[in-house]
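# Residue-level structural notes
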Amino acid sequence: MYDFTSDPRFNGIERIPGKCLLASPTMHGDEKKYVDEAIDSGWVTTAGANIPAVEEEVAKLVGVKYAVALSAGTAALHLATKLAGEKIYGQARPNEGTLAGHKVFCSDVTFDASINPVAYEDGEAVFIDTEYDTWNMDPVALEKAFELYPDVKLIVLAHLYGTPGKMDEFKKIADEHGALIIEDAAESLGAKYKLNDQWVETGALGNYNCISFNGNKIITGSSGGMFLTDSLDDANKVRKWSTQSREDAPWYQHEEIGYNYRMSNIIAGIIRGQMPYLQEHIDAKKAIYERYKKAFADLPVQMNPYDTDKSEPNFWLSCLLIDEDAMAPFVRGEKDQLWSHESGKSSPGEILAALNAFGAEGRPIWKPMHCQPIYRSNIFITRNGNGRARSNAYIKENGITDVGSDIFRRGLCLPSDNKMTVDQQERVIEIIHRCFQ
Ligand SMILES: Cc1ncc(COP(=O)(O)O)c(C=O)c1O
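Residues numbered from 1 in each chain as written. Predicted model: local features only at pLDDT ≥ 70, side-chain atom pairs only at ≥ 80, totals over all residues. Heavy atoms only, no water.

### Overview of the packing of helix 2 (residues 50–62) against helix 8 (residues 265–274)
- Where helix 2 contacts helix 8, the axes come no closer than 8 Å and their chain directions differ by 40 degrees. In this view, helix 2 runs oblique relative to helix 8, as classed from their interaxial angle. Like other packed secondary-structure pairs, helix 2 and helix 8 cross with a definite hand, here left-handed. On helix 8, the residues touching N50, I51, A53, V54 and E57 of helix 2 are N265, A268, G269, I271 and R272.
- Its residues placed into classes, the contact of helix 2 with helix 8 shows five nonpolar, three polar and two charged. (Axes fitted to C-alpha atoms, helices over the stretch in contact; angles between N-to-C directions. Helix = DSSP H or I, 4+ residues; strand = E, 2+ residues; numbered from the N terminus. Parallel < 35°, antiparallel > 145°, perpendicular 65-115°, else oblique. Left-handed = near helix turned anticlockwise from the far one by under 90°. Contact = heavy atoms within 4.5 Å. Nonpolar A, V, L, I, M, F, W, Y, C, P; charged D, E, K, R; others polar.)

Structure below.
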């Protein structure tokens, strides 16, 4: 392991006091009240007052008619995917997923929980490349994908790190091709997008919408997620599936496969206590982003970008991207990596190691799904068409065609915890400056 403390570039830098995390729960005290109420009343189960209360509150905030509280964002995504599959292709046999034999266009740079439900439902994820303006799915590549596979009827879109993707373009393309959209707003609760001159919350922009209350999210229940919709039928179906799919009979009668995906009243109590602080959390995250942006103005880096006219992110994670000509040597294998320093340059490997050495937590950008061993044989589409097998031993490649891999290679997530003090953040900023010396 590299010893940063004996590198003269880091002379005078001390370990950052306290915790300086990527993103962790910020509690306010109200959470305890609702959890205590649940315990005192005996409702320590998947029913109880906190669940409908928090469903109503989230539905109102996001601007949808119905919210269904579930055990995780992953559960919400699974049931959204199953619902979409059933709507498009009909009910599947119990031993088969609803997407069997069908392709689904999916975000590429995201957490695998966004797109694993396609596999749970026996579908084939086709990964769509990323664009540089918001680091989300590239609508141009999506259009290309429909040219190549016009029969596809489902798109899974994630808003990366709390920054909305180009929803107006996605909706237009989906409408043209009669496709449905699953919106993964797990990271973007509270972020807004301007659609037809109206601000709409992420989580209300797709045909099936999902959010997460995982421990690192902007509002947390320690875990938990929600399915959001304007359709009463869809809400009822997800509610039924999430509680083992019981039919209306005096005994346990089943006509379809069920799941144990309902949120507990304890988790709902924590979320209920957190909800009034969403805007406060967003403001704190935005201040962190702005401080980084200002402080890095003299470095060869860019912050994770967003469309300032059409979107208002929740700034869940602040990230940076190192300019190509300021990249020091850096290679990643499947499970390990090597970096070395060059004057005036740095790399995500070096910066993350330096932050870690001085007590701060960053993270690599999500490794693109099309590069993940499990999905390495899935189709990958870029603006230029098929993104696989592009090189030729006899013809020189020109230009970058795989934007997601480029952002993964040059980018990193910075400590973005709401509780990070200005002093801690300044130390993080100083360490990153020293990396470029
Ligand atoms: C983009 C994205 N999708 C889905 C999930 C899954 O949510 P959960 O952890 O609540 O299952 C997460 C986060 O965990 C996420 O970041």
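### Digging into helix 3 (residues 73–89)
- Its 17 residues give helix 3 an end-to-end C-alpha distance of 24 Å, which sits within 8% of 24 Å, the value for a rise of 1.5 Å per residue.
- Positive backbone phi, at 95 degrees, marks G90, one or two positions downstream of helix 3. (Expected span 1.5 Å × (residues − 1).)

### Comments concerning the pairing of strand 7 (residues 198–201)
- In the sheet, strand 6 (residues 192–195) pairs with strand 7 via four bridges, with the strands oriented antiparallel. Counted as the bridge partner of Y193 is V200 from strand 7.
- Connecting strand 6 to the antiparallel partner strand 7 that follows it, the hairpin turn spans two residues, and N196 within it adopts a positive phi of roughly 50 degrees. (Pairing = 2+ DSSP bridges.)

### With respect to the packing of aromatic side chains
- Going through the model one piece at a time under the given rule, you end up with 15 aromatic pairs.
- With centroids separated by 4.8 Å and ring planes inclined at 80 degrees, the aromatic side chains of Y2 and F4 adopt a geometry described as edge-to-face.
- Using a relative accessible area of 3% as the deciding quantity, one classes F4 as buried.
- Relative to W339, the ring of F4 has its centre 5.8 Å away and its plane inclined at 25 degrees; by these criteria the two rings are stacked. Taken together, the positions of F4 in the segment before helix 1 (30–41) and W339 in strand 14 (residues 337–339) put the pair 335 residues apart, joining distant regions of the chain.
- Taken together, Y2, F4, F10, W339 and F358 form an aromatic cluster joined through their ring pairs.
- We note R246 situated over the ring of Y252; from NZ or CZ to the ring centre the distance is 3.9 Å. (Phe/Tyr/Trp six-rings, centres within 6.5 Å; stacked < 30°, edge-to-face > 60°. Buried < 20%, exposed > 50% of the residue type's maximum accessible area, 1.4 Å probe, protein only. Lys NZ or Arg CZ within 6 Å of the ring centre and 35° of its normal.)

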